[in-house]
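Structural characterization, general
The lines below spell out each chain.
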Amino acid sequence: MFELQLSRSRQAGQTLVDQIVQAIAGELSHGTYPAGTPLPSVRRFAKTHALSAYTVVEAYQRLASMNLITSKPGSGYVVAEKEPTTAPAPTWNAPALNAAWLLSDVFADQSVPIKAGCGWIPNDWVDESGMQHAMRSVSRLPGARLGGYGHPYGLTSLRDHIAGSLRRYALPVDVSNILLTHGATQALDLVVRTLCKPGDTVLVEDPCYCNLLEILKVAAVRVVSVERTTDGVDIDALESAVLEHHPRVMFVNTVLQNPSGSSLSVSAAFRLLQVADRYGLWVVEDDISRELAPPGLPCLAAMEGLHHVVYVSGFSKTISPVMRVGYIAAHRDLLAQLALTKMAIGLTSSEVTERAVANVLVEGHYDRHITFLKDRLRVAHERTSRAMNEAGLEIFHQPRAGLFLWAKLPIAPEASLSVATEALRHGIWLAPGSYFRPQETSSSWFRFNAATSDAPALWDFLRALPAQIRNAASARA
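Scope of this entry: the structure provided in the associated data block. Note that the structure is predicted; figures quoted are calculated from it, not measured. (Residues numbered from 1 in each chain as written. Predicted model: local features only at pLDDT ≥ 70, side-chain atom pairs only at ≥ 80, totals over all residues. Heavy atoms only, no water.)

This part covers the nonpolar core. With 91 residues, the main nonpolar core has Leu238, Leu272, Leu430, Phe448 and Leu458 as its most contacted residues. If one sorts the elements of this core by residue count, helix α15 (residues 366-390) sits on top with eight residues. Apart from residues lying up to four places away in sequence, leucine 458 is in contact with Ile114, Ala116, Ile428, Leu430, Phe448 and Ser453. With 32 residues, the next largest nonpolar core counts Leu179, Val191, Val204 and Ile328 among its residues. (Core = buried A, V, L, I, M, F, W, Y, C linked by side-chain atoms within 4.5 Å. Buried < 20%, exposed > 50% of the residue type's maximum accessible area, 1.4 Å probe, protein only. Helix = DSSP H or I, 4+ residues; strand = E, 2+ residues; numbered from the N terminus. Contact = heavy atoms within 4.5 Å.)

The next thing to look at is the pairing of strand β10 (residues 326-329). Taking every second residue as pointing to the same face, both faces of β10 are buried, with Gly326 and Ile328 on one and Tyr327 and Ala329 on the other. Bridge count between strand β3 (residues 178-181) and β10: four bridges; the pairing is antiparallel. Residue pairing in the sheet places leucine 179 in a bridge with isoleucine 328 of β10. Relative to β10, strand β9 (residues 309-314) runs antiparallel, the two sharing four bridges. Note that in β10 the partner of valine 312 across the bridge is isoleucine 328. (Pairing = 2+ DSSP bridges.)

With that settled, the discussion passes to the sheet that holds strand β8 (residues 282-286). In space, the eight strands of this open sheet follow the order β3-β10-β9-β8-β7-β4-β5-β6, with mixed pairing throughout. The sheet terminates laterally at β3 and β6 (232-233), the two strands that pair on one side only. Pairing geometry for strand β4 (residues 201-206) and strand β7 (residues 249-253), over two bridges, is parallel. Bridge pairing links leucine 203 to methionine 250 in β7. Running at roughly 155° to β9, helix α8 (residues 183-195) makes contact with β3, β7, β8, β9 and β10 of the sheet. Strands β3, β8, β9 and β10 of the sheet are contacted by helix α13 (residues 332-346), whose axis makes an angle of about 20° with β3. (Axes fitted to C-alpha atoms, helices over the stretch in contact; angles between N-to-C directions.)

Here it is, written out as structure tokens:
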């Protein structure tokens, strides 16, 4: 049943999940298998085709979301009943697209097959063997090692490993400068809670990381934005904003920025630090994509020495988003305050997860996996950039690395949410630029994940945007 011809080349145009879904959907469309016909179990299918169980599960879940198969308790998956031809087609009302939806429903919604706007690596790019080895290792720990809440600063061995890795980038750190967190997003939240009070003014980039904007909204701080350029932050606009608004903190994504994909030039980094020093500004450096970046790009924390720079990173872009481990590198005095904030709002972070990440880093061939990711992302960028050019999109910057490309659709800014809603009805998740701007200001720019945008249906949809939308954009120009 289901003879498959799978391409396992890293340069293949489709993921293994895509190929499985396409092959099985094609077989079922012929009516060869009546409703109720059992599919091979996940384990059997995986073994027969030399696949991982995770890959098969994702493929089956996607087929189920297409109403081609269904889960039958005690029997696994079976071919689903076909809808009566005389019955009206079922309708699905897409949710209201805004930053709140991005922060909640999208992470749980498995029904959208093309996640062009998502912020993580595809499931079948994950270092599965390294993660499985790590979880097996953690599962063998004696119960006595897993009792208690763990250290407030996090697992010492992992902190020591992170400090050693950061020293490769010339950061002046040791284990006493590292605080582990529940992902890099919690790290940003801890920094905001510790450095800011309600009513303070902070600077962000425009565009910037969408979750940061929500954190700042909850903290009731005043947000002022500074334009992000292909070389980093517009330094003249930054200094003007500092003089006018007297901010306490600035947040900056140094390399392979989310969402623009741009990186600070050395000169822009140096000038930014000059402005920060001149006016006593804290700088929070979100550096989550450093390991996916080419060598030689500037690091603010290394240049400034952690006096007034707070460094934030984590492993969601390299190991897996499910491994919720982030970290903060900071001066020891500030780190003690951050640890108190961490304990006040959530006690310690998960030592079990931290042990698993430590195992991946030490024993899971992590460096080899990073090389694999960088090579595969480079190819994905080439394909996606070519598709964007053919579809008439304007590309902000072509980093040829990391996850993100920032591209402008030929539409009026106010049409962006309508386009995203229509895309969702076609099984395509787009991320409009309004998600990444303070006050969710309308924008014709969209974030694309190069790793998940190599899908012909995505580019067919964008090329076929309604003529009235394109004409409205032309008229405005």
